[in-house]
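Structural overview for review
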Amino acid sequence: MSIKNIRLEVMKHLEKDVESLIEKYLIPVEKIWQPTDFLPNSEKDTFFEEVKEIRELSKEMPYDFWVVLVGDMITEEALPTYESWLMDVEGVGQVERNGWSKWVRHWTAEENRHGDVLNKYLYLSGRVNMKEIEKTTQYLIADGFDIGTDRDPYKNFIYTSFQELATYISHNRVAKLAKEKGNKQLAKMCKIISGDEMRHHHAYSEFVERIFTVDPSQMMMAFHYMMKQKITMPAHFLRESSNKISTAFEEFSNTAQRIGVYTSADYVDILQKLIVRWDIGNINDLSDEAEKARDYLMKLPSRMMRLAERIKIPENSYQFKWVKPA
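Described below are features of the structure shown in this document. (Residues numbered from 1 in each chain as written. Predicted model: local features only at pLDDT ≥ 70, side-chain atom pairs only at ≥ 80, totals over all residues. Heavy atoms only, no water.)

A word on helix α2 (residues 18-25). Within the span of α2, buried status applies to V18, L21, I22 and Y25. Viewed end-on, α2 has its buried residues packed into an arc of 105 degrees, placing them on one side of the element. Turned more than 90 degrees away from the buried face of α2 sit E23 and K24, all of them exposed. Considering only its buried residues, α2 is in contact with α1 (3-15), α6 (99-125) and α9 (184-214). (Buried < 20%, exposed > 50% of the residue type's maximum accessible area, 1.4 Å probe, protein only. Helix = DSSP H or I, 4+ residues; strand = E, 2+ residues; numbered from the N terminus. Arc of directions from axis to C-beta. Contact = heavy atoms within 4.5 Å.)

Structure (C-alpha cells):
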C-alpha cells in the first residue's frame, strides 16, 4: 500500500473520535466570547466615551507594539487561506463532509473572531493607517502561502501543533505589554485570544499523538521533515502596498523579537515542548530510517539554540506604512 493510502486509512481510522475531540477542544457558539464583548457598544449612549478612552490609552503604547499588533491581526485575517488549505488535506472530506471537515469548519469559526476583534480595535485606536493594513491583508490572502506540507495530514498536523503554540506565545506577550501600560481591556482581549490558541494547540497535538500510536515511523518521518525544512510562519509573504513580496515579514519578525513578543529562542522552546509532549525519545517500533530521524530531532533543540544565541536584531525600527510614528 502506498504512503498516501496508508495516511488515508489512518485518517479514516481516527475520524470516529473527531466528534468527541470537537466537544473536548472547541466551545459552542452560544457559550464562547464574541468580539463585541471587548469593544464599545455602538447601541449605547456611552459608545463615544468608550472610544475616546481607547484612543487615550492607545497613545501610551509605543510604535513597535503597534507594529506587532497589526502584524498579528493581519496574520489572523488571512484565515481564508488557512481554511482552504486545510480543507484540501488528504482525508478531509470537503464534498462528503466527514468528521475532519467538520473539525476544520468549526476551528475556522473560532479563529475568525480573532481577526475580527483585533481589526475593530485597531480601527478605533486612531494609531494606525487602516487603508494600508487593509491592502496588506488583501495582498496576503491573494498571495497565499507555501508552508511545505503539501496535502499530507501528518505534516499539516505537525505544522498546526507548532503554529498554534507560536500564536499563543505572541498574543500572550502582547497582553502582558498592554497590561504593563495600564491598558487592561486590550490586555484581557489578547489574553483570551491566546487562550483559544492554546486550546487549538492541544487539539492538533493530540491528533499527532494519536497518529504516533498507529503509524509511528511515518509520523516520525513527517516531524523530521517539517523541522529540517523549518516551520514557515503563515504570513511569510507579507508585503505592504505597491511592493512585491519584500522584507516586510522579516522586519515584522525583527520588531517582534526586539520587544520580546516572539523570538528565535521561543521557536526552539516550542520544538522542545513538542518533543516532550509526544515523548519522542520513547516511541517504539520505529523503522531504521525513523530511528535516524528521531536521533536528529532529539539533538536539534540544542543545535538551534546555539544558532539563536548568535542572532543580532537591528535596534532601529523599520518604518511601516501601517503605523503612524509616535
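Next comes the rest of the write-up.
Right, let's get into the packing of α1 against helix α8 (residues 153-180). Their axes nearest at 10 Å, the elements α1 and α8 cross at an angle of 60 degrees. Taken together, the axes of α1 and α8 lie oblique to each other. Where α1 abuts α8, its residues R7, V10 and M11 lie against P153, Y154 and F157. A per-class count over the contact of α1 with α8 returns five nonpolar, no polar and one charged. (Axes fitted to C-alpha atoms, helices over the stretch in contact; angles between N-to-C directions. Parallel < 35°, antiparallel > 145°, perpendicular 65-115°, else oblique. Nonpolar A, V, L, I, M, F, W, Y, C, P; charged D, E, K, R; others polar.)

Space inside the largest pocket adds up to approximately 1,000 Å³. Along the walls of the largest pocket sit 46 residues, with Q163, I231, M233, F249 and Y262 positioned nearest its centre. Only α4 (63-77), α5 (79-87), α6, α8, α11 (248-258), α12 (264-277) and α13 (288-308) provide two or more residues apiece to the lining of the largest pocket. Counting residues per element, the lining of the largest pocket draws most heavily on α8, at nine residues. Classifying every residue of the lining of the largest pocket gives 25 nonpolar, 14 polar and seven charged. I27, P28, V29, H106 and E110 are the residues nearest the centre of the second largest pocket, which is lined by 13 residues in total. Mapped onto the lining of the second largest pocket, the elements with two or more residues apiece are α2 and α6. (1 Å grid on protein atoms, 1.4 Å probe; cavity = no way out; pocket = protein on both sides within 12 Å on 5 of 7 lines; lining within 4 Å. Points joined across faces, edges and corners; volume = space filled by probe spheres on them.)

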